[in-house]
Amino acid sequence: MSYLGPLIAIVFIVIVARLLLKKFYPHAVLLIAGLLMLAVSFWLPGHEPAVEVTGGPFVFDLFRYINSSFAETNAGVGLMIMAIGGFVAYIDDIGASEALVYLALKPLRLFSRQPYLLAVLVIPIGQLLFVCIPSAAGLGLLLMASVFPILINLGVSRLSAVSVITSCTAMGMGPASAITASATSIIEKDTVFYFLKDQIPLAVPLSITMMVAYYFVNRYYDKKMKREEIPVPKIEKSRLKAPLYYAIIPILPLILLILFSQLFDFFAVPIELNTTTVMFICLFVALTFELVRKRKPREVLKSMSVFWNGMGNIFKSVVTLIIAADIFSKGLISLGFIDGLVGTSQNLGLGGAGIGIVMTVMIFLASVLMGSGNASFFAFGPLVPDIAAQLGMKSSAMILPMQFSASMGRTVSPVAGVLIATAEVAEVSPFDIVKRNVIPLGAALIVMILYLFI
């Protein structure tokens, strides 16, 4: 086989990585790089572009593909992700997310005499919250407002506290996660089954690894540094925007998705709800809560604009990124990147496990460079079905570690939104947080590779 196309693809990957590292707008970089690779493949002997060629000017076919990519994405996974984003924005606006975080953190006070143990116990609780509130920066800031004051008033340093808070977003999983929605769409698997059968069994050993690593890493760094902590007021129940029973709203989508899935058979005629439908159901449940509590119909109905604005924000940030990444991945396919990767791996004696490890590490590093787990996963995730088919593997076996490594890479990226936002609140440097996160997340990455591939 000709390796000219794959070599050109690697050149494009290197250029894209450099541009993203220099903080070029990722949506434009991925889109333009994808279009250029598709154009090169059209003129390169022995390669066929991964777009429908109508016989007219090829440049028109390229732009037709952009149109079809928008149409397909918006009709499926795009709408799902926008509905999730709108719901997350709304529950945050009405104070339901804050109520859930407040209740979830109450058990931590039992370990007040062991501050570093208390700090690492935030990790599993925060990860459970991340399933219900799938916004890394959003959850990070909520935890900064609630658990951060508790930790530092118990003797944990600011850097230790903010490091464990950011680690809560290290595994993007659950039916409400944008990466999960994309992954299950790629491998055509039921979201709830993927969450319960694939993600949770892997998340358990990774969480334990991170907890142990953070315990020793943070103690080590805190002993080395001399610090003067600035007192931070403890959060009080009276400061919550909503009553505590509002905490049910963020977890309601998860409850409905599980109850009305194939796991249970409560009805004579099976009822299955997809994620988008559940998000709209829960939106109207939240509106009902607000109407009963406030009794101001005009104000409550107007608050629905928060949901639409949230959908719009997700469209311009995430959905457009999915489309740009789809075109980028099609460009890689057109240049024979997959065939070259598989062929080279086989020549080196690497099987499916070897290629899975390469892809997992590649996405991890891409997330570190981009500061976005979504960007790296959306760029390389669509390649999985073709690679898995050539190697005789299950797509889910390859896409699961790639999905987790994307979120892990974001957690050790100094340009990630969650690190920048939490660092600003904690009055520390994002690079100092990265120093605390590298060893625990690196250990989790190694454990994941050993667990799944070796």
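Look up: the structure comes first, before these words.
Residues numbered from 1 in each chain as written. Predicted model: local features only at pLDDT ≥ 70, side-chain atom pairs only at ≥ 80, totals over all residues. Heavy atoms only, no water.

Engineer: Please clarify how the overall build of the chain should be interpreted in this entry.
Structural biologist: When helices and strands are counted, the chain shows 21 helices and 0 strands. Against the globule reference of 22 Å for 454 residues, the chain gives a C-alpha radius of gyration of 23 Å, in line with a compact fold. Overall, the chain is about 70 × 55 × 45 Å in size when its C-alpha atoms are taken along their principal axes. For the chain, the residues scored as buried account for 54% of the 454 residues in total. Partitioning the intrachain contacts of the chain with sequence separation of at least 6 by distance along the chain shows that 79% fall at a separation of at least 24. Of the roughly 19800 Å² of accessible surface on the chain, a fraction of 66% belongs to carbon and sulfur atoms. The positive charge centre, built from 31 side chains, and the negative charge centre, built from 24, are 13 Å apart in the chain. (Helix = DSSP H or I, 4+ residues; strand = E, 2+ residues; numbered from the N terminus. Rg over C-alpha atoms; globule rule 2.2 N^0.38 Å. Buried < 20%, exposed > 50% of the residue type's maximum accessible area, 1.4 Å probe, protein only. Contact = heavy atoms within 4.5 Å. Areas by Shrake-Rupley, 256 points an atom, 1.4 Å probe, with all protein chains shown as cover. Lys, Arg positive; Asp, Glu negative; His and termini not counted. Charge placed at Lys NZ, Arg CZ, Asp CG, Glu CD.)

Engineer: Just checking my understanding: could you explain unusual backbone geometry for this structure?
Structural biologist: Working note: non-glycine residues mostly have negative phi, and peptide bonds are mostly trans. You will see that Glu 188, though not glycine, has its phi angle at about 55°, which is positive. Secondary-structure assignment places Glu 188 in the loop between helix H9 (178–187) and helix H10 (191–224). By relative accessible area, which is 74% here, Glu 188 ends up exposed. For Glu 427, which is not glycine, the phi dihedral falls at a positive 60°. Locating Glu 427 in the fold gives a position in the loop between helix H20 (417–426) and helix H21 (430–453).

Engineer: Just to check I follow, could you spell out H21 for this structure?
Structural biologist: Each full turn of the α-helix corresponds to 3.6 residues, which orients residues three or four apart in the same direction. Taking 1.5 Å per residue as the helical rise, H21 with its 24 residues ought to reach 34 Å, and the 32 Å between its terminal C-alpha atoms agrees with that figure. At Asn 437, H21 is deflected by roughly 40°, the largest bend along its length, and proline Pro 440 occurs up to four residues later in sequence. Regarding H21, the residues found buried are Pro 430, Ile 433, Val 434, Arg 436, Asn 437, Pro 440, Leu 441, Ala 444, Leu 445, Met 448, Ile 449 and Phe 453. The backbone nitrogen of Phe 431 lies 3.1 Å from a side-chain oxygen of the residue at the head of H21, namely Ser 429. (Expected span 1.5 Å × (residues − 1). Bend = angle between axes of the 7 residues up to and from the residue. Polar contact = N/O pair within 3.5 Å; in protein donor to acceptor, adjacent residues only side chain to side chain.)

Engineer: Would you explain the pattern of salt bridges in this entry?
Structural biologist: Any two side chains of opposite charge can pair, so long as their charged atoms come close to each other. Summed over all chains, the structure comprises 6 salt bridges. Between Asp 222 and Arg 436 there is a salt bridge, and its shortest N-O distance comes to 3.1 Å. On the criterion of sequence distance, the pair formed by Asp 222 in helix H10 and Arg 436 in helix H21 is long-range, its members being 214 residues apart. In terms of burial, Asp 222 and Arg 436 fall into one category: buried. Taken together, the salt bridges that share partners define one network made up of Glu 290, Arg 293, Lys 294 and Glu 299. (Salt bridge = Lys/Arg side-chain N within 4 Å of Asp/Glu carboxyl O.)

Engineer: What's the story with the nonpolar core in this structure? I'm lost.
Structural biologist: Within soluble globular proteins, side chains that are nonpolar generally end up buried alongside one another. Grouped together as the largest cluster of nonpolar side chains are 146 residues, with contacts concentrated most on Phe 377, Phe 380 and Phe 404. The greatest single-element share of this core, amounting to 14 residues, is contributed by helix H14 (residues 304–334). Beyond its immediate stretch of four places on either side in the chain, Phe 404 contacts Ala 170, Met 171, Gly 172, Met 173, Gln 199, Leu 202, Ala 203, Leu 206 and Met 448. (Core = buried A, V, L, I, M, F, W, Y, C linked by side-chain atoms within 4.5 Å.)

Engineer: Is there a simple way to think about the environment of Val 120 in this case?
Structural biologist: Secondary-structure assignment places Val 120 in helix H6 (residues 115–132). When the C-alpha positions of Val 120 and Phe 315 are compared, they lie 35 Å apart, and in sequence the two are 195 residues distant. Once you skip the residues sitting within four places of it in the chain, Val 120 turns out to touch Met 211, Tyr 214 and Tyr 215.

Engineer: Just to check I follow, could you spell out a nonpolar patch on the surface for this structure?
Structural biologist: A grouping of Ile 200, Val 204, Ile 208, Val 212 and Phe 216 is seen on the molecular surface, where their side chains present a nonpolar patch of about 450 Å² in accessible area. Among the secondary structure elements, Val 212 is positioned in helix H10. With relative accessibility at 45%, the residue Val 212 sits in the partly exposed group. (Patch = residues over 30% accessible without salt bridge, like charges linked within 9 Å, V, L, I, M, F, W, Y side chains within 5 Å.)

Engineer: Quick question: what am I supposed to make of the packing of helix H4 (residues 77–94) against helix H11 (residues 248–259) here?
Structural biologist: Between two packed helices, both the angle of their axes relative to each other and the distance between the axes serve to describe the pair. At a closest axis distance of 10 Å, the pairing of H4 and H11 adopts a crossing angle of 155°. Taken together, H4 and H11 sit at an angle that is classed as roughly antiparallel. Across from Phe 87, Ile 91 and Ile 94 in H4, the residues of H11 making contact are Ile 249, Pro 250 and Pro 253. Among the residues forming the contact of H4 with H11, the class breakdown is 6 nonpolar, no polar and no charged. (Axes fitted to C-alpha atoms, helices over the stretch in contact; angles between N-to-C directions. Parallel < 35°, antiparallel > 145°, perpendicular 65-115°, else oblique. Nonpolar A, V, L, I, M, F, W, Y, C, P; charged D, E, K, R; others polar.)

Engineer: Sorry if this is basic, but what is going on with the side chain of Asn 437 here?
Structural biologist: Tracing the backbone shows Asn 437 in helix H21. When sequence neighbours within four positions are dropped, the list of residues in contact with Asn 437 reads Ser 163, Thr 166, Tyr 214, Thr 411, Val 412 and Gly 442.

Engineer: When you look at the packing of aromatic side chains in this model, what are you seeing that I'm missing?
Structural biologist: Centre-to-centre distance and the angle between the planes together describe a pair of aromatic rings. All chains considered together, the criterion is met by 11 aromatic pairs. Each ring, one from Phe 307 and one from Trp 308, has its centre 5.2 Å from the other, and the planes form 80°; the classification is edge-to-face. Judged by relative accessible area, Trp 308 falls into the partly exposed class, the value being 44%. (Phe/Tyr/Trp six-rings, centres within 6.5 Å; stacked < 30°, edge-to-face > 60°.)

Engineer: I'm lost on the packing of helix H5 (residues 96–105) against H11 in this one. Help?
Structural biologist: Put simply, H5 and H11 touch, their axes get as near as 7 Å, and they point 90° apart. In terms of axis orientation, H5 runs roughly perpendicular to H11. Between H5 and H11, the contacting residues are Ala 96, Ser 97 and Leu 100 on the first element and Ile 249, Pro 250 and Ile 251 on the second. For the contact of H5 with H11, a count of residues per class yields 5 nonpolar, 1 polar and no charged.

Engineer: Help me understand helix H3 (residues 58–75), please; the structure alone is not making it clear to me.
Structural biologist: Its 18 residues place the ends of H3 26 Å apart at the C-alpha level, agreeing with the 26 Å of an ideal helix rising 1.5 Å per residue. For H3, every residue scored as buried is listed here: Phe 58, Asp 61, Leu 62, Tyr 65, Ile 66, Ser 69 and Thr 73. With its buried residues spanning 150° around the axis, H3 presents them on a single face. Exposed side chains of H3 directed beyond 90 degrees from the buried face belong to Phe 63, Asn 67 and Ala 75. The inward-facing, buried residues of H3 contact helix H2 (26–43), H4 and H14. (Arc of directions from axis to C-beta.)

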